[in-house]
Amino acid sequence: MKPIEHPVLLEARCVEKHYGRHRVLVDASLDLKPGELSALIGPNGAGKSTLLRILAGLQRPSGGEVLWWDAGGQRREDPRGHVVLTPQELSLPEWLTAEEALLMVTALRGRPDAPERVRARLEHDGLLEVRGRLLRHLSGGTKRKVAVSMALLSGAPVILQDESFTGLDPHAVERLERDLRAHCDAGGSVLLVSHAMDVVERIADRLYLLHHGIVEGGEAMSAWRSGAFRDAGTLHRFYLERFR
């Protein structure tokens, strides 16, 4: 991934999404900056997954806009290659093996060292033993490991993760936390949607809330700790009190 110079990689401005009279998103604004791991929390059905699909360019908003910026500060009309989403509901090419799925990602990026990178990724993520098995024969947690590995291999500066810690064993959780942090430390940006409040509190630099279709917050996690959820003590307790 190239070093990032532009201060914002992705910006959502007053995004709305309606399905008939049902308003899922009313006013969703946020920005993703290089070097930052942001988290978006909110109750089930709040529209978090819908917002991620819009940010990835997979769904059109009913109002507002999403802007994507490359490393040099130029507007991008197409987010492909710039943003990658690991969705909550996985849709993997299940006729491929785990190794073939990763090779497909690196081939699309035109990497001449694809086999070496894939081998290293499989080893790093504890997937060597299942590399030759078809995806449809893997457990849910192992499929999620493969999906996350595909995102990390994509080379996209912006990584969107929708409940990617679900179903992972403790070793895999710790490894993914380190990998997402390393991506940000290298100049990328991550937006994490998760109900694992302990994970969010450990690794997020910035926190957004989504409720009743409106995105709030965006302050640094340190500000939240000293302010909004100082009395609650933990993000978990703050969540229970905030989203009653």
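Each value, and the rule that gives it
- Residues numbered from 1 in each chain as written.
- Predicted model: local features only at pLDDT ≥ 70, side-chain atom pairs only at ≥ 80, totals over all residues.
- Heavy atoms only, no water.
- Phe/Tyr/Trp six-rings, centres within 6.5 Å; stacked < 30°, edge-to-face > 60°.
- Lys NZ or Arg CZ within 6 Å of the ring centre and 35° of its normal.
- Core = buried A, V, L, I, M, F, W, Y, C linked by side-chain atoms within 4.5 Å.
- Buried < 20%, exposed > 50% of the residue type's maximum accessible area, 1.4 Å probe, protein only.
- Helix = DSSP H or I, 4+ residues; strand = E, 2+ residues; numbered from the N terminus.
- Contact = heavy atoms within 4.5 Å.
- Salt bridge = Lys/Arg side-chain N within 4 Å of Asp/Glu carboxyl O.
- Arc of directions from axis to C-beta.
- Pairing = 2+ DSSP bridges.
- Right-handed = clockwise from strand over helix to strand, strands pointing away.

For the coordinates displayed, the defined rule picks out two aromatic pairs. Against the face of tryptophan 69 rests arginine 75, its NZ or CZ located 5.8 Å from the ring centre.

On to the nonpolar core, then. Of all hydrophobic cores here, the largest spans 33 residues; its most connected members are Leu37, Ile41, Phe165, Val200, Leu207 and Leu235. Counting residues per element, the ones that place at least two in this core are β3 (37–41), α4 (140–153), α5 (170–185), β8 (189–193), α6 (197–203), β9 (206–211), α7 (221–226) and α8 (235–242). When neighbours within four sequence positions are excluded, isoleucine 41 is seen to be in contact with Lys48, Ser194, Met197, Val200, Leu207, Tyr208, Leu209, Leu210, Leu235, Tyr239 and Phe243.

Take helix α1 (residues 48–55) next. Of all eight residues in α1, six are buried, a share of seventy percent or more. Turning to α1, its buried residues are Lys48, Thr50, Leu51, Leu52, Ile54 and Leu55. In the stretch just after α1, glycine 57 is the one whose phi turns positive, near 80°.

Turning next to the pattern of salt bridges. Throughout the structure, instances matching the rule amount to 15 salt bridges. Of the charged contacts, one joins arginine 13 and glutamate 65 as a salt bridge, the two residues approaching to 3.2 Å between their closest N and O atoms. With arginine 13 in strand β1 (residues 10–19) and glutamate 65 in strand β4 (residues 63–69), the pair connects residues that are 52 residues apart, well separated along the chain. Judged by relative accessible area, glutamate 65 falls into the partly exposed class, the value being 34%. Between aspartate 205 and arginine 181 there is a salt bridge whose closest N-O contact spans 3.0 Å. Linking aspartate 205 in the loop between α6 and β9 with arginine 181 in helix α5, this pair joins segments that are 24 residues apart in sequence.

Our next topic: unusual backbone geometry. Phi at cysteine 14 takes a positive value of approximately 50°, unusual for a residue other than glycine. The phi dihedral of histidine 212 is positive, around 55°, even though this residue is not glycine. Position of histidine 212 among the secondary structure elements: in the loop between β9 and β10 (214–220). By relative accessible area, which is 65% here, histidine 212 ends up exposed.

What follows concerns α8. Where α8 is concerned, the buried positions are Leu235, Phe238 and Tyr239. Seen from one end, α8 has its buried residues packed into an arc of 100°, which puts them on one side. Buried residues in α8 make contact with β3, α6, β9 and α7.

Within the secondary structure layout, serine 189 lies in strand β8. Among all residues touching serine 189, those that are not within four sequence positions of it are Leu9, Leu32, Lys33, Glu36, Pro157, Val158, Ile159, His183 and Cys184.

Residue position: alanine 39 is located in strand β3. Through-space distance from the C-alpha of alanine 39 to that of valine 193 is 5.8 Å; in sequence the pair is 154 residues apart. If near-sequence neighbours (up to four positions away) are discounted, alanine 39 is found in contact with Leu191, Leu192, Val200, Ala204, Arg206, Leu207 and Tyr208.

Side-chain positions along a regular strand alternate between the two faces of the sheet. Most of β8 sits out of view: five of its five residues are buried. The alternating pattern of β8 places Ser189, Leu191 and Val193 on one face and Val190 and Leu192 on the opposite face, and all of these are buried. Across four bridges, β3 lies against β8 in parallel orientation. Paired with leucine 37 across the two strands is valine 190, which belongs to β8. As judged from the five bridges shared by strand β7 (residues 158–162) and β8, these two strands associate in the parallel manner. Residue pairing across strands places valine 158 opposite serine 189, the latter belonging to β8. Chirality of the crossover, the property in question, places the unit of β7, α5 and β8 among those that are right-handed.

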